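Chains, contacts and geometry: an overview
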Amino acid sequence: MTDLSERQQLSYIAGQAADARLNVELETEGMTLNIGPQHPATHGTLRIIVRLDGEQVVWAEPSCGYMHRGYEKLTEVRTYPQVTTLVNRIDWLGSFANEVPFILAAEKLMEIEAPPRAQWIRTILFELSRIANISLFLGDLGVQLGAVTPAFFAFRDREHVLNLIESVTGGRFHPNFDRIGGLKDDLPKGFVDETRRVMRKMRTYCDEIDDLLIGNEIFQARTRGVGIIPKDVALQYGLSGANLRASGVDWDLRRDQVVPMAWDDVDFKVWTHPDGDSFARCWVRLQETREATKIVDQLLDGLPAGPVMAKVPRIIKVPAGEAWVSTENPLGEMGYYVVSKGDLGPFRVKIRSASFNNISVAPWVLRGVYVPDVITILASLYFILGDIDR
Amino acid sequence: MGLVDRGRMPGAIEKLMNLGRSYSMWVYQWGLACCAIEMGAAFASPRYDVMRLGVIPLPASPRQADLVVVSGTVTDKMAPAVLRLYDQMPEPKYVISMGSCANCGGPYWDSYSVTKGVDQLIPVDIYVPGCPPRPEALLEGIVLLQQRIKHEDMAAKWRGETTEPLRREPIVVGGGNVA
């Protein structure tokens, strides 16, 4: 509550007082409602058990594990190049972004670094997958609130970005393009011009969503002041990414840490919002999509020439050691702690995925809200089930 | 439908009804994993637009659905829910298994928590291979299913005889057969 404006605090207190009055006047009976594991309003198979008093949530608990596929155990029986095939599928909307931290961790252990051109192309693909990821979030957000139109806009314009990723990597969804020491291949002919065109299109898409959804009065009424996560709570629960920035914490790993990627060479703004409500989270993500298109444009301007693959041995054996690398993925901080014993495959990989921490705040933030707001808050927290359960 | 399940329906009417059934399939919204996004692209995107094939991807309840696309990894924890949702669907019902995970476990073939193939749980009509399959592949699967429905013996289907497992060869999109 510390970082809220006085007006917000007053409205919060007034709301609490009104609820208390209502509960005295109308005796309500408790009820347990089970949302999921298969529910149209959840992204995948999350199950949430809520206890209701009337229409108010008194207790909520997400039940994970319906999409647990055992990544951490599977990586122990795969070789390093094979692991990227698996970790692609953790956050399936921004697949390329999942490969990068793992490859960076392996490169850190091998003490090699990708050539500059490979780093830049990696960053371009990283930001493209961010755009593909968040643009679908913005469309899906409308569906959660009962407006189907933005989803059509999202799927229409997302196709352009997927086409770009496909033209480089050969895969729409799961590129598996990153190699230890660089990339599999160079950019195709005509990629730069086409990407510029698509980035203009995506900025138009952001404007459309801004008009259609974010600026919509009903949307604002449903999201403003709903599901407020104050700054200290957000930090305590380990939120990251746009959820944290929407609570007013200026923290972005792209800017705040040094990794062999090209973010240091471009100029971009890290958007934050002081409110910490559902609206702030959606707004920050919209701005991030805009910012990502600008990052891609700048990267295309200064794309260095040269090879895309460093000299690496044919059979990759990573020397013994431990390495932790995390990057700012579309959903938040994603990191890999790789323990190597000098074999063909990792000895142990700990995956820190953003959604698991982001959803852990749900029991806190859902307490006291009304049932329709449960869906709004969960939608604005934005999780991918593969990223939660791994 | 006494006439139908006794098999005394004239052939022409049966053909007509099969035609109607094949072009008014209601698909249950059932997203499991990565493939659900490609399924969403096939169903909700203006580029692929599944409604032109006469498929209506709207019902949010399995009780109104004719077709279900199992799109993604079925885990052992999810398996009872999959079975329960399938049981809630009314006959005649069809299943498309989309993606390698639902077909056979896919990249998680040695995982401890993944059900290796949804066909262990429910009978599958069409297998769409790929990880994930392109939306076009899913549309191809739906077209193949429609062709099958057009040549179906409605009486047997109505009596529920053809929903037994191993009742007939499932179709694999892109050729090949199920081992």
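Our structure is the block above this text.
Every chain's residues receive numbers from 1 upward, in the order its sequence appears when written. All chains are assigned letters beginning with A, and all ligands numbers beginning with 1, in the order in which they are written. The model is predicted, so local features are restricted to residues of pLDDT at least 70 and side-chain atom pairs to those at 80 or more, both for listing and for counting; the totals for chains, interfaces and linings are taken over all residues. Side-chain figures throughout are based on the complete set of non-hydrogen atoms in the structure, without hydrogens or water.

1. Things to note about the overall build of chain B
Numbering goes from the N terminus for both helices and strands, where a helix is a DSSP run of H or I of at least four residues and a strand is a run of E of at least two. Across its full length, chain B holds 7 helices and 6 strands. Burial status across chain B gives 57% buried among its 179 residues. For chain B, the share of sequence-separated contacts (at least 6 apart) that also reach a separation of at least 24 residues comes to 79%. With an accessible surface of roughly 7700 Å², chain B has 58% of that area assigned to carbon and sulfur atoms. Residue burial is assigned from relative accessible area. The probe radius is 1.4 Å, only protein chains are included, and a residue is buried under 20% of its type maximum, exposed over 50%, and partly exposed in between. Should any heavy atoms of two residues lie within 4.5 Å, those residues are counted as being in contact. Each accessible area value is a Shrake-Rupley result obtained with a 1.4 Å probe; residue values ignore everything except the protein chains displayed when judging cover.

2. With respect to the interface of chain B and chain A
Contacts between the two partners involve 35 residues from chain B and, on the opposite side, 34 residues from chain A. By definition, the buried area sums, over both parts, the 1.4 Å-probe accessible area that each loses when the two are put together. Interface area, chain B with chain A, both sides summed: about 2800 Å², of which 61% is carbon and sulfur. Here a polar contact is recorded for every N or O atom pair within 3.5 Å, except that within protein the pair must consist of a potential hydrogen donor and a potential acceptor, and residues adjacent in sequence are included only if both atoms are side-chain atoms. Here chain B and chain A share 15 residue pairs in polar contact (both at pLDDT 80 or more) between them. Those elements that place two or more of their residues in the side of chain B that touches chain A are helix 3 (34–44) and helix 4 (79–88) of chain B. Of the residues belonging to the side of chain B that touches chain A, the class tally is 22 nonpolar, 8 polar and 5 charged. Charged means Asp, Glu, Lys or Arg here, nonpolar means Ala, Val, Leu, Ile, Met, Phe, Trp, Tyr, Cys or Pro, and polar covers whatever is left, Gly included.

3. Details of the packing of aromatic side chains
Residue and element names in this part refer to chain A. Here the aromatic set is Phe, Tyr and Trp, taking the six-membered ring for Trp, and pairing holds for ring centres within 6.5 Å; pairs whose planes are under 30 degrees apart are stacked, those over 60 apart are edge-to-face, and all others are tilted. Scanning all chains against the criterion turns up 7 aromatic pairs over all chains. Ring centres of Tyr80 and Phe102 lie 6.1 Å apart, and the angle between their planes is 25°; this geometry places the pair in the stacked category. With a gap of 22 residues between them, Tyr80 in helix 3 (residues 80–87) and Phe102 in helix 4 (residues 95–110) connect regions that are remote in the sequence. In this structure, Tyr80 and Phe102 share a single accessibility class: buried. Between Trp271 and Trp283, the aromatic rings sit 5.6 Å apart at their centres with planes inclined by 85°, giving edge-to-face as the arrangement. With a gap of 12 residues between them, Trp271 in the loop between helix 11 (253–256) and helix 12 (278–301) and Trp283 in helix 12 connect regions that are remote in the sequence. Joined through ring pairs, the aromatic side chains of Tyr80, Phe102 and Tyr336 make up one cluster. Two conditions define a charge located above a ring, namely a distance within 6 Å from the ring centre to NZ of Lys or CZ of Arg, and an angle within 35 degrees of the ring normal. Between Lys269 and the ring centre of Trp271, over which it is positioned, the NZ or CZ distance is 4.9 Å. Here the guanidinium or amino end of Arg390 rests over the ring plane of Phe356, the centre of that ring lying 5.6 Å away.

4. Side note on the pairing of strand 3 (residues 67–71) of chain B
All names here are of chain B. With 5 of its 5 residues buried, strand 3 lies for the most part within the structure. Every second residue of strand 3 is oriented toward a common face, with Leu67, Val69 and Ser71 on one face and Val68 and Val70 on the other, all of them buried. In this sheet, strand 4 (residues 94–98) lies alongside strand 3 in parallel orientation, the contact comprising 5 bridges. Paired with Val70 across the strands is Ser97, a residue of strand 4. Taken together, strand 3, helix 4 and strand 4 constitute a β-α-β crossover, and its handedness is right-handed. For two strands to count as paired, DSSP must find a minimum of two bridges between them. By the criterion used throughout, a crossover qualifies as right-handed when its path from the first strand across the helix to the second strand runs clockwise, the strands pointing away from the viewer.

5. Quick word on a nonpolar patch on the surface
Residues and elements named next belong to chain A. Only residues whose relative accessible area exceeds 30% and that take part in no salt bridge are eligible for patches, with like-charged residues grouped when within 9 Å of each other and nonpolar side chains (Val, Leu, Ile, Met, Phe, Trp, Tyr) grouped when within 5 Å. Salt-bridge detection follows one rule: a side-chain nitrogen of Lys or Arg within 4 Å of a carboxyl oxygen of Asp or Glu. On the surface, Val143, Val148 and Phe152 cluster together into a nonpolar patch covering about 240 Å² of accessible area. The residue Phe152 is located in helix 6 (residues 149–169) in this model. We classify Phe152 as partly exposed; its relative accessible area is 37%.

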